[in-house]
Structure formats: C-alpha cells, structure tokens
Amino acid sequence: MSIKTNLSQLQSQLPNQVTLVAVSKTKPVADLMEAYAAGQRIFGENKIQEMAEKQQQMPKDIQWHMIGNVQRNKVKYMASFVDLIHGVDSLKLLNEINKQAEKNDRTISCLLQLKIAKEDTKSGMTLEDAHSIIDSDHFKSLKNISIVGVMGMASFTDNTTQIKEEFTALKNTFESLKEINPDLLEISMGMSGDFPLAIECGSTMIRVGSRIFGARNYTK
Ligand SMILES: *Cc1c(COP(=O)(O)O)cnc(C)c1O
C-alpha cells in the first residue's frame, strides 16, 4: 500500500478536531515528500539532528514536531524552526528551550510529558511535578515558551483495559492542569497500534508512524 493511500485511509477515520502528526523518524526524505505531496504538513521526528537535516531539505511550510526525548545541549539545533516539542519533562529543559527561543526571537510551544504507563521504560513527570511547574513564579517568568498541552505514551501491551486506563489518566491530568492554565489545548496520545482508543479517550493529537510509512528498519 502506498503512503498516499495509507494517509487518506487514516484521515478518513479521524474526527475533525484530531491532528495527525506523521512520524517519519528513520524514513528517507523521499518518503516524507510522498506524504507532503498527499497534503501532509505536520511531521514528527525523535532525533533533533535528523529533524534539522530533513527540515533543511524540505519545503518551508512544514510544521516540525519533536516527539522524542530532548537532550538539553541539542535544543539549539531546532530552536529556529521547531513548531511543537512534545517530550518536555523538566523545568531545566524548559529553561533551555526558553533561552534558545529567546535567542531566535520566537516563542516555542511545548507539551509536558506525563508518565502514564506502568512500565518503567517510559519517561515523563507526575501530575504533582506538572502542577508545581505550571504554578511556579519561575515558570511564569519564562516569556519565550508556551505550554499548550500534555503528552503521554501508554504501555506496550495488548491489554486494552489497561491502555484505556492510562489514556483516561492523561485526560484527567489534562483537565486538572487546565484549571490552573486555561491555555492548555492539546492532548497528544495515540500511535499506530492504539490511536482509535486514544481518540475515544479524548486525544486531540495522534502520532502515527508505521501505519503511514511502513515498519521501521533500525539496523541500517
Ligand atoms: C515512534 C513514535 C511514535 C510512532 O510510532 P508508530 O507505532 O510507528 O505509530 C509515536 N510517538 C513516539 C513518541 C514515538 O517515538
């Protein structure tokens, strides 16, 4: 099946309010261009350097989302163009993003990554961490970042009851944080294997890779 066909099948399943981030990590620019030609404008990458290289080679009306773990010393390589950073999990990282955004005379939008999976491998902060950041005077003094929502990854399991519980926990966290920060709009949850469930639980943004571009080959 072609990338174009995969995309249109996927789009036809999505309610209007749900944004599709096409996760293109490890895929060549030619594949991304195929998605671009089919109308896709939002791409997600999990390595800053790979994203920066693709950004240079591709049309400038693309919105680039950083969906992976962010190393603080690499924020500078994406600060001039990144549209949304999904995986923000500390105040230290927010400080660095703010600093680099200021240098580029921009405001960078961020999502706070919450830990919802029971697995230890998935990173993210607790509701209490997120609360205390959003509530702090220090955070309020950072003028070049904007927190626009939350992001989470469910456990890698076939147990849909568990996945649903985890997504619902993220939705509830979102609602609770929205009470202190009404700017929050986005709940980034759902991937190729679990996006219908995520949408059912209130996702506004899904991050889908293999369902669009095919399986990834990490051995190359
Ligand atoms: C790779 C990745 C995805 C997409 O995964 P698929 O299963 O290929 O859809 C989504 N979110 C994050 C954070 C990822 O790293």
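Residues numbered from 1 in each chain as written. Predicted model: local features only at pLDDT ≥ 70, side-chain atom pairs only at ≥ 80, totals over all residues. Heavy atoms only, no water.

Draft legend 1. Structural context of the overall build of the protein chain. The helix and strand tally for the protein chain stands at nine helices and eight strands. Taking 220 residues into account, the globule formula puts the C-alpha radius of gyration at 17 Å, and the protein chain, at 17 Å, falls close to it. Projecting the C-alpha coordinates of the protein chain onto the three principal axes gives extents of approximately 50 × 45 × 35 Å. Burial statistics for the protein chain: of 220 residues in total, 50% are counted as buried. (Helix = DSSP H or I, 4+ residues; strand = E, 2+ residues; numbered from the N terminus. Rg over C-alpha atoms; globule rule 2.2 N^0.38 Å. Buried < 20%, exposed > 50% of the residue type's maximum accessible area, 1.4 Å probe, protein only.)

Draft legend 2. Highlighting the site of the ligand. Around the ligand sit Val 23, Lys 25, Ile 67, Met 151, Met 153, Met 191, Ser 192, Arg 207, Val 208, Gly 209, Ser 210 and Arg 216, and those are all the residues in its vicinity. The separation between an oxygen atom of the ligand and a polar side-chain atom of Lys 25 is 2.6 Å. Between an oxygen atom of the ligand and a side-chain N or O atom of Ser 192, the distance comes to 2.5 Å. For the ligand, the accessible surface in isolation is 390 Å², of which the surrounding protein chains cover 89%. Across the shell around the ligand, the residue classes break down as six nonpolar, three polar and three charged. (Near = heavy atom within 4 Å. Polar contact = N/O pair within 3.5 Å; in protein donor to acceptor, adjacent residues only side chain to side chain. Areas by Shrake-Rupley, 256 points an atom, 1.4 Å probe, with all protein chains shown as cover. Nonpolar A, V, L, I, M, F, W, Y, C, P; charged D, E, K, R; others polar.)

Draft legend 3. Structural detail: unusual backbone geometry. Here the phi dihedral of Thr 26 falls at roughly 70°; this positive angle occurs in a residue that is not glycine. Inspection of the secondary structure assignment puts Thr 26 in the loop between strand E1 (19-23) and helix H2 (29-37). Taking relative accessible area as the criterion, Thr 26 reaches 33% and is therefore assigned partly exposed. Positive phi, normally seen in glycine, also occurs at Asp 105, with a value near 60°.

Draft legend 4. Layout of the side chain of Glu 186. Here Glu 186 shows up in strand E7 (residues 186-188). Despite its burial, Glu 186 pairs with no opposite charge; the closest candidate is Lys 178, at 10 Å N-O. Side-chain polar atoms of Glu 186 contact the side chain of Thr 204, separated by 2.6 Å. Residue contacts for Glu 186: discarding those within four places in its chain leaves Leu 111, Val 148, Gly 149, Val 150, Phe 174, Thr 204 and Met 205. (Lys, Arg positive; Asp, Glu negative; His and termini not counted. Salt bridge = Lys/Arg side-chain N within 4 Å of Asp/Glu carboxyl O. Contact = heavy atoms within 4.5 Å.)

Draft legend 5. Up close: the pairing of strand E5 (residues 108-113). The buried count for E5 comes to five of six residues, which makes it a mostly enclosed element. Since strand E4 (residues 84-88) and E5 lie parallel, the crossover through helix H4 (residues 91-103) that links them has a hand, and here it is right-handed. By the bridge criterion, six bridges tie E5 to strand E6 (residues 145-151) in an arrangement that is parallel. Bridge pairing in E6 links Ile 108 to Ile 145. (Right-handed = clockwise from strand over helix to strand, strands pointing away. Pairing = 2+ DSSP bridges.)

Draft legend 6. Representation of the packing of aromatic side chains in the model. Enumeration according to the criterion identifies one aromatic pair in this entry. Here the basic side chain of Arg 41 rests over the ring of Tyr 36, its NZ or CZ set 3.5 Å away from the ring centre. (Phe/Tyr/Trp six-rings, centres within 6.5 Å; stacked < 30°, edge-to-face > 60°. Lys NZ or Arg CZ within 6 Å of the ring centre and 35° of its normal.)

Draft legend 7. Summary view of helix H1 (residues 3-13). All of the buried residues along H1 are Ile 3, Asn 6, Leu 7 and Leu 10. Across the axial projection of H1, the buried residues extend over an arc of 95°, all falling on one side. Relative to its buried face, H1 has exposed residues pointing more than 90 degrees away, namely Lys 4 and Ser 12. The inward-facing, buried residues of H1 contact E1, H2, helix H8 (195-200), strand E8 (205-208) and helix H9 (210-213). (Arc of directions from axis to C-beta.)

Draft legend 8. Examining the environment of Leu 112 more closely. Residue position: Leu 112 is located in strand E5. Separated by 16 residues in sequence, Leu 112 and Glu 96 place their C-alpha atoms 15 Å apart. In this structure, Leu 112 is in contact with His 86, Val 88, Leu 94, Met 125, Ala 130, Ile 134, Ile 147, Gly 149, Val 150 and Met 151, ignoring residues within four places of it in sequence.

Draft legend 9. Region of the structure containing the pairing of E1. Among the five residues of E1, four are classified as buried, and the element is accordingly described as predominantly covered. Where E1 meets E8, four bridges bridge the pair, whose relative direction is parallel. Within E8, the residue paired with Leu 20 across the bridge is Ile 206. Bridge analysis of E1 against strand E2 (residues 42-45) gives two bridges, and the strand direction is parallel. For Val 23, the partnering residue across the bridge sits in E2 and is Gly 44. Assessed by its sense of winding, the connection that carries the chain from E1 through H2 to E2 is right-handed.

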